[in-house]
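Report on the structure
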Amino acid sequence: AARELWLSQRDEFPRARKGLERKPLCVERTKGSEILFGVAPCSLALTQERRDLFRLFLKQSSGSRRAVMGELVLQATARGVPVCHIPRRELDQLCRGQLHQGVCLEATPLPFKSLEDAEAPGLGHEEGRKAQLMWLVLEQIQDPMNLGALLRSAYFLGVDRVVTSRRNSCPLTPTVSKASAGAVEVFDVYSTDDLQSFLKAKTAEGWEVVGTVSKPEDVEDVPVISCLEFRWDKPIILVIGSEGEGLSLETQLLCHRMLAIPPGRALHPGIESLNVSVATGILLHSICSQKRRHGD
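The following refers to the structure shown. (Residues numbered from 1 in each chain as written. Predicted model: local features only at pLDDT ≥ 70, side-chain atom pairs only at ≥ 80, totals over all residues. Heavy atoms only, no water.)

**Some thoughts on the overall build of the protein chain**
Check the secondary structure of the protein chain and you find eleven helices and twelve strands. Looking at the protein chain as a whole, 48% of its 296 residues are labelled buried. Look at the contacts in the protein chain between residues 6 or more apart in sequence, and 87% of them connect residues 24 or more apart. Carbon and sulfur atoms provide 51% of the accessible area of the protein chain, an area that totals close to 15,300 Å². (Helix = DSSP H or I, 4+ residues; strand = E, 2+ residues; numbered from the N terminus. Buried < 20%, exposed > 50% of the residue type's maximum accessible area, 1.4 Å probe, protein only. Contact = heavy atoms within 4.5 Å. Areas by Shrake-Rupley, 256 points an atom, 1.4 Å probe, with all protein chains shown as cover.)

Encoded structure:
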């Protein structure tokens, strides 16, 4: 678990070049700002009004990306955001060597939304009887690449809400935005300080809480079924655990059932589980496809 976390932190800077830290940065940052990078995150941040925006940085001599850069300039102009054309070296420094595609955007950080904002009057009772609702809950996801991939899948597959535990969870960093292909710029993410109380409250409202497990033999006191056998007939919350430890015991015991993904072959020891974002994508598709087949 410690090695996986170390690798995830190291991968925050996969394209760092020698000497970047030794050369002074010519661009002074606005206090409290962060640097988004990549075409999709920057473009979506420019078209939404969820962040305060300071400057758009584009690589000089963009070449084949001229049309894309022109569209970004139009978006920035519409928001009143200054556009700066700078050398690639300075773009590399701004985003610490990440894959920026010639685009960086200086902006305020994107906070989690309050869980109270996710609640709508009657959502658990009135509306819950009429529609299939799906919320995704993330317990202590720490790798920004995993979090971004999870949010991208949740947005694509039609998840209604995503809620994270505030403690020991990755914030909504620029790396998360890039890994989500910009989905975090348009898709609200909520957080809670008390995940167990939240799950108890939703259970009392008639929601089914469904956990996930890679090794069914490790689970006690909670029924485990294949995701292929699960039938979606009421509002549900799918709970995903951390990369190293999975769901905490306290959270497991609040689940009505646990879902497992059946493997396609006999597995060698040490490679008996999937990456958390890949597993979540499979589970979400398995459940959400039932809505497309059967309707509300």
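Moving on, there is more to tell.
**Focus on the packing of aromatic side chains**
In the structure shown here, the tally under the stated rule is three aromatic pairs. A ring pair is formed by Trp-135 and Phe-198, whose centres lie 6.1 Å apart and whose planes are at 10°; its orientation type is stacked. You can see Trp-135 sitting in strand 6 (residues 134-138) and its partner Phe-198 sitting in helix 9 (residues 195-204), a full 63 residues away along the chain. As far as burial versus exposure is concerned, Trp-135 and Phe-198 are alike and both buried. The structure contains a cluster of three or more aromatic residues connected by ring pairs, namely Trp-135, Phe-198 and Trp-207. Sitting above the plane of the Trp-135 ring, Lys-202 keeps its charged end 4.5 Å from the centroid. (Phe/Tyr/Trp six-rings, centres within 6.5 Å; stacked < 30°, edge-to-face > 60°. Lys NZ or Arg CZ within 6 Å of the ring centre and 35° of its normal.)

**Describing the pattern of salt bridges**
According to the stated counting rule, one finds eight salt bridges in the structure shown. The closest approach of N and O atoms between Arg-166 and Asp-193, which form a salt bridge, is 2.7 Å. With Arg-166 in the loop between strand 7 (161-165) and helix 8 (174-179) and Asp-193 in the loop between strand 8 (190-192) and helix 9, this residue pair connects regions lying 27 residues apart in the sequence. The network of salt bridges with shared partners includes Glu-34, Arg-51 and Glu-185. (Salt bridge = Lys/Arg side-chain N within 4 Å of Asp/Glu carboxyl O.)

**Some remarks on helix 2 (residues 39-47)**
Count 3.6 residues to each turn of an α-helix, and residues three or four apart come out pointing the same way. Among the residues of helix 2, Val-39, Pro-41, Cys-42, Ser-43, Ala-45 and Leu-46 are the ones counted as buried. Along its buried surface, helix 2 packs onto strand 1 (34-37), strand 2 (53-59), helix 3 (66-79), strand 4 (103-107) and helix 8.

**Side note on the nonpolar core**
The nonpolar side chains of a soluble globular protein tend to be buried, and buried together. In this structure, Met-134, Leu-136, Val-162 and Leu-238 are the most contacted members of the largest nonpolar core, which totals 32 residues. At the level of elements, strand 6, helix 7 (144-157), strand 11 (236-240) and helix 11 (276-294) are the ones that each hand at least two residues to this core. Other than its neighbours up to four places away in sequence, Met-134 contacts Val-159, Asp-160, Arg-161, Trp-232, Ile-236, Leu-238, Leu-284, Ile-287 and Cys-288. (Core = buried A, V, L, I, M, F, W, Y, C linked by side-chain atoms within 4.5 Å.)

**A few points about the pairing of strand 12 (residues 257-260)**
Of the pairings in the sheet, the one linking strand 9 (residues 208-212) to strand 12 comprises three bridges and is parallel in character. In the sheet register, Thr-212 faces strand 12, and the bridge partner there is Leu-259. The pairing of strand 10 (residues 224-226) with strand 12 spans three bridges and is classified as parallel. Paired with Ile-225 across the two strands is Leu-259, which belongs to strand 12. (Pairing = 2+ DSSP bridges.)

Note that all results are geometric; they support no functional claim without further evidence.
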